[in-house]
Amino acid sequence: MGQQWDAQGYDAQFSFVTAYGDVLLGLLDAQPGERVLDIGCGTGHQAAVIAAAGAEVVGVDSDAAMLELARSEHPAVRFVHADAQDAAALHAAVGASPVDAVLSNAALHWMPEQDAVVAGIAAVLRPGGRLVVEMGGAGNVARNAEAIRAGRAAVGLDADVPLPWTFPTPGEQASRLERHGFVVRTLALIDRPTPLADGVTTSGWARMFGASLVADVPDSERDTFDAAVDAHAVQLGLDRRPDGAGGWWADYVRLRFTAALA
Ligand SMILES: C[S@@+](CC[C@H](N)C(=O)[O-])C[C@H]1O[C@@H](n2cnc3c(N)ncnc32)[C@H](O)[C@@H]1O
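Structure report, in brief. Since this is a predicted model, take the numbers as computed values, not measurements. (Residues numbered from 1 in each chain as written. Predicted model: local features only at pLDDT ≥ 70, side-chain atom pairs only at ≥ 80, totals over all residues.)

**Notes on the overall build of the protein chain**
Heads up, the condition is: Numbering goes from the N terminus for both helices and strands, where a helix is a DSSP run of H or I of at least four residues and a strand is a run of E of at least two. As defined in this context, the radius of gyration uses C-alpha atoms, and a globule is described by 2.2 Å times the residue total to the power 0.38. Remark: C-beta atoms are placed from the backbone, and a residue is labelled buried if 20 or more other C-beta atoms sit within 10 Å of its own, exposed if 12 or fewer do, or partly exposed between those counts. Distance between backbone-placed C-beta atoms decides contact: two residues are in contact if it is within 7 Å.
When helices and strands are tallied, the protein chain shows 12 helices and 7 strands. Its C-alpha atoms give the protein chain a radius of gyration of 19 Å, near enough to 18 Å, the size a compact globule of 262 residues would have. Going through the 262 residues of the protein chain one by one, you find that 44% of them count as buried. Sequence separation of at least 24 residues holds for 76% of the intrachain contacts in the protein chain that already meet a minimum separation of 6.

**What to know about the pairing of strand β3 (residues 78–81)**
Using the following cut-off: Any two strands with at least two DSSP-identified bridges between them are counted as paired. Looking down the strands as they point away from you, a crossover is right-handed if its path from the first strand over the helix to the second goes clockwise.
Across 4 bridges, strand β2 (residues 56–61) lies against β3 in parallel orientation. Counted as the bridge partner of Gly-59 is Phe-79 from β3. Between the parallel elements β2 and β3, the chain passes through helix α5 (residues 64–73) in a crossover that is right-handed.

**Side note on the packing of helix α6 (residues 87–94) against helix α7 (residues 114–124)**
Think of two packed helices as two axes; the pair is described by the angle between the axes and how far apart they sit. Heads up, the rule is: Every axis in this analysis is a line fitted to C-alpha atoms, fitted for helices over the stretch in contact. Angles between the N-to-C directions lie between 0 and 180 degrees. Left-handed describes a crossing whose near helix is turned anticlockwise from the far helix by less than a right angle; the clockwise case is right-handed. All residues other than Ala, Val, Leu, Ile, Met, Phe, Trp, Tyr, Cys, Pro, Asp, Glu, Lys and Arg, Gly among them, are scored as polar; the first ten of these are nonpolar and the last four charged.
Following both chains from N to C, one finds α6 and α7 inclined at 35 degrees, their axes separated by 9 Å at the closest point. In this structure, α6 crosses over α7, and the sense of that crossing is right-handed. For the pair α6 and α7, contact is made by Ala-87, Leu-90, His-91 and Val-94 and by Ala-116, Ala-119, Gly-120, Ala-123 and Val-124, respectively. Classifying every residue of the contact of α6 with α7 gives 7 nonpolar, 2 polar and no charged.

**Concerning the packing of helix α8 (residues 142–154) against helix α12 (residues 222–235)**
The line we're drawing: Roughly parallel covers angles under 35 degrees, roughly antiparallel covers those over 145, roughly perpendicular covers 65 to 115, and oblique covers all other angles.
Two elements in contact, α8 and α12, have axes separated by 8 Å at closest approach and are oriented at 140 degrees. Looking at the two axes, α8 sits oblique to α12. At the point where α8 passes α12, the crossing takes the right-handed sense. Of the residues in α12, those in contact with Glu-146, Ala-147, Ile-148, Ala-150, Gly-151 and Ala-154 of α8 are Thr-224, Phe-225, Ala-228, Val-229, His-232 and Ala-233. Split by residue class, the contact of α8 with α12 holds 8 nonpolar, 3 polar and 1 charged.

**Brief notes about α5**
Put simply, the rule reads: Throughout, the arc means that of the directions going from the helix axis to the C-beta atoms.
Listed in full, the buried residues belonging to α5 are Met-66, Leu-67, Leu-69 and Ala-70. Along α5, the residues classed as buried sweep out an arc of 165 degrees about the axis, all on the same side. Turned more than 90 degrees away from the buried face of α5 sit Ala-64 and Ser-72, all of them exposed. Residues of α5 that are buried sit in contact with α1 (7–13), β2 and β3.

**Re the site of the ligand**
The line we're drawing: Throughout this description, a residue near a molecule or strand is one whose C-beta atom, derived from the backbone, lies within 6 Å of it.
Looking at the ligand, there are 22 residues lining it, with Thr-18, Gly-40, Gly-42, Asp-63 and Ala-107 nearest. Taken together, the elements giving at least two residues each to the shell around the ligand come down to α2 (16–20) and β2. Of the residues belonging to the shell around the ligand, the class tally is 10 nonpolar, 9 polar and 3 charged.

**Some points on the sheet that holds β3**
Spatially, the 7 strands line up as an open sheet ordered β3-β2-β1-β4-β5-β7-β6, and their pairing is mixed. The sheet is open, and its two edges are formed by β3 and β6 (182–195), each paired on a single side. In this sheet, adjacent strand axes meet at a mean angle of 15 degrees when their direction is disregarded. As paired strands, strand β4 (residues 99–105) and strand β5 (residues 125–136) are joined by 6 bridges and run parallel to one another. Considered in β5, the bridge of Val-102 is made with Leu-131. Strands in contact with α5 are β2 and β3; relative to β3, the strand with the most contacts, it is inclined by about 170 degrees. Each of β1 (35–39), β2, β3 and β4 is contacted by α6, which is oriented at about 150 degrees to β2, the strand it contacts most.

This is how it looks when you write it as structure tokens:
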């Protein structure tokens, strides 16, 4: 299921993903004593901040390496290995009583069973409980994906492979939330051209976030693949940030929403 993550590399070179998610912590406004579930918690940064606010938090993730790093960095927080598409697994992770709030940053678009995820969240949240999410939205990383397809074509692989992400439109997401009993409070599709760390180009981004699209590139073709990805990215302007500051970037489009269970 899904890709295997390079947890150390994620924290070392792509911690901007986590940092951008900190805006959700303000929207969540966790109170002491509240029970909170963090879905797709990764290396556990947000879960640890929520715990530090005095809430009882459980972070769930389906990747063993992410969880191992989360546990070693934040030993006081409870992290559980679970597929968030599996309602029974979410239920087992939170225990018998429902949680007051659910948070998720940069994770839900990795889950093909979008309805199952929202149904599972609704099943573990108390009535009136809140949901605070940021995920990839419609149009997210379109240029990055196009560059990866060009790289695949350059080494003779099928360029037309399905992408491993699901990026809903605002309308799709609002309908899904309502179908599962949520009242949408806020929902926005946000263009967020995102600078990459120094020395990271589109091919490096692809290795971290598009591992399943890179896995079948033979070792002997890796350099050719990387060069073709980056050459195509340059054609698309991904080496020149749109704000004129210079440097490589990813064309992120985020879907950020808050909702309450009716
Ligand atoms: C880009 S990381 C975001 C991690 C963290 N929320 C952050 O802000 O840094 C996406 C995370 O979603 C997790 N994930 C993907 N599919 C999942 C699933 N079906 N169930 C639980 N976690 C999943 C991945 O293992 C990964 O840790």
